[in-house]
Amino acid sequence: MVLRDGAPTNACLLMMWQVEGADIITPEGLDAVPESSFVRQGLIEENAFQCGYCAPGFTVTLTALLRETDDPSETEIREALGGNLCRCTGYHSIIRGAVRAVALKAADAGQGA
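What comes next is a walk through the structure. In this text the structure is predicted, and so the values were computed from the model without any measurement.

Reading the values: the criteria
- Residues numbered from 1 in each chain as written.
- Predicted model: local features only at pLDDT ≥ 70, side-chain atom pairs only at ≥ 80, totals over all residues.
- Heavy atoms only, no water.
- Helix = DSSP H or I, 4+ residues; strand = E, 2+ residues; numbered from the N terminus.
- Expected span 1.5 Å × (residues − 1).
- Buried < 20%, exposed > 50% of the residue type's maximum accessible area, 1.4 Å probe, protein only.
- Salt bridge = Lys/Arg side-chain N within 4 Å of Asp/Glu carboxyl O.
- Arc of directions from axis to C-beta.
- Pairing = 2+ DSSP bridges.
- Polar contact = N/O pair within 3.5 Å; in protein donor to acceptor, adjacent residues only side chain to side chain.
- Contact = heavy atoms within 4.5 Å.
- Phe/Tyr/Trp six-rings, centres within 6.5 Å; stacked < 30°, edge-to-face > 60°.

## A short note on helix H3 (residues 55–68)
The α-helix winds at 3.6 residues per turn, so residues separated by three or four positions along the chain end up facing the same way.
No. 1: The terminal C-alpha atoms of H3, which comprises 14 residues, lie 20 Å apart, in line with the 20 Å expected from a rise of 1.5 Å per residue.
No. 2: For H3, the buried fraction is high: 11 of the 14 residues fall into the buried class.

Next up, the structure:
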């Protein structure tokens, strides 16, 4: 999973000609995206991962969601994560982590006001 021009995209389904000239951010490059810090912190606080296989996809997708939506609902979170598969946690902790990330972002915005 990567951000292609800000949108989460399955990198394994892209041909090189489809990314020519596109802005690509890999999971390793998320430090450059401020919203990713809220996502990572929320997921950590809710102990949202076990094996780490799905972590990059969830993290990239949630980062994109927080970039485009200030206060996504749980329904919007679930819709955004619909294509990400996890075989370890059953998704409950991941949803809690995503909700926590939204709260962390809101708290940070409140401190900056």
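## Things to note about the pattern of salt bridges
No. 1: Going through the model one piece at a time under the given rule, you end up with 5 salt bridges.
No. 2: Its salt-bridge partner being Lys105, residue Asp70 comes within 3.5 Å of it at the nearest N-O pair. Taken together, the residues Asp70 in the loop between H3 and helix H4 (74–80) and Lys105 in helix H5 (residues 92–112) connect sequence positions 35 residues apart.

## Observations concerning helix H2 (residues 35–45)
No. 1: Turning to H2, its buried residues are Glu35, Ser36, Phe38, Val39, Gly42 and Leu43. The arc that holds every buried residue of H2, seen down its axis, measures 160 degrees, which confines them to one face.
No. 2: Directly after H2, the chain includes Asn47, whose backbone phi takes a positive value near 50 degrees.

## A closer look at the sheet that holds strand S2 (residues 7–9)
No. 1: The antiparallel open sheet is built from 3 strands, whose spatial order is S2-S1-S3. A single partner strand is all that each edge strand has here, and the edge strands are S2 and strand S3 (24–25).
No. 2: Bridge count for strand S1 (residues 2–4) against S3 is 2 bridges, and the pairing is antiparallel. Directly across from Arg4, in S3, lies its bridge partner Ile24.

## Brief notes about the side chain of Ser36
No. 1: You can see Ser36 is positioned in helix H2.
No. 2: The class of Ser36 is buried, set by a relative accessible area of 1%.
No. 3: One polar contact links the side chain of Ser36 to the main-chain carbonyl oxygen of Leu30, over a distance of 2.7 Å.
No. 4: In this structure, Ser36 is in contact with Leu30, Asp31 and Thr63, ignoring residues within four places of it in sequence.

## Points about the environment of Ser73
No. 1: Tracing the backbone shows Ser73 in the loop between H3 and H4.
No. 2: A relative accessible area of 34% places Ser73 in the partly exposed class.

## Quick word on the packing of aromatic side chains
No. 1: Under the definition given, this model contains 2 aromatic pairs.
No. 2: Aromatic pair Phe49 and Phe58: ring centres 6.2 Å apart, planes at 45 degrees, arrangement tilted.
No. 3: Owing to a relative accessible area of 21%, Phe49 belongs among the partly exposed residues under this scheme.
No. 4: Looking at Phe58, the relative accessible area reads 0%, which means it is buried.
No. 5: A centroid spacing of 6.2 Å and a plane angle of 70 degrees characterise the contact between Phe58 and Tyr91, whose relative ring orientation is edge-to-face. Note that Phe58 is positioned in helix H3 and Tyr91 in the loop between H4 and H5, a separation of 33 residues in sequence.

Taken by themselves, the reported measurements are silent on function.
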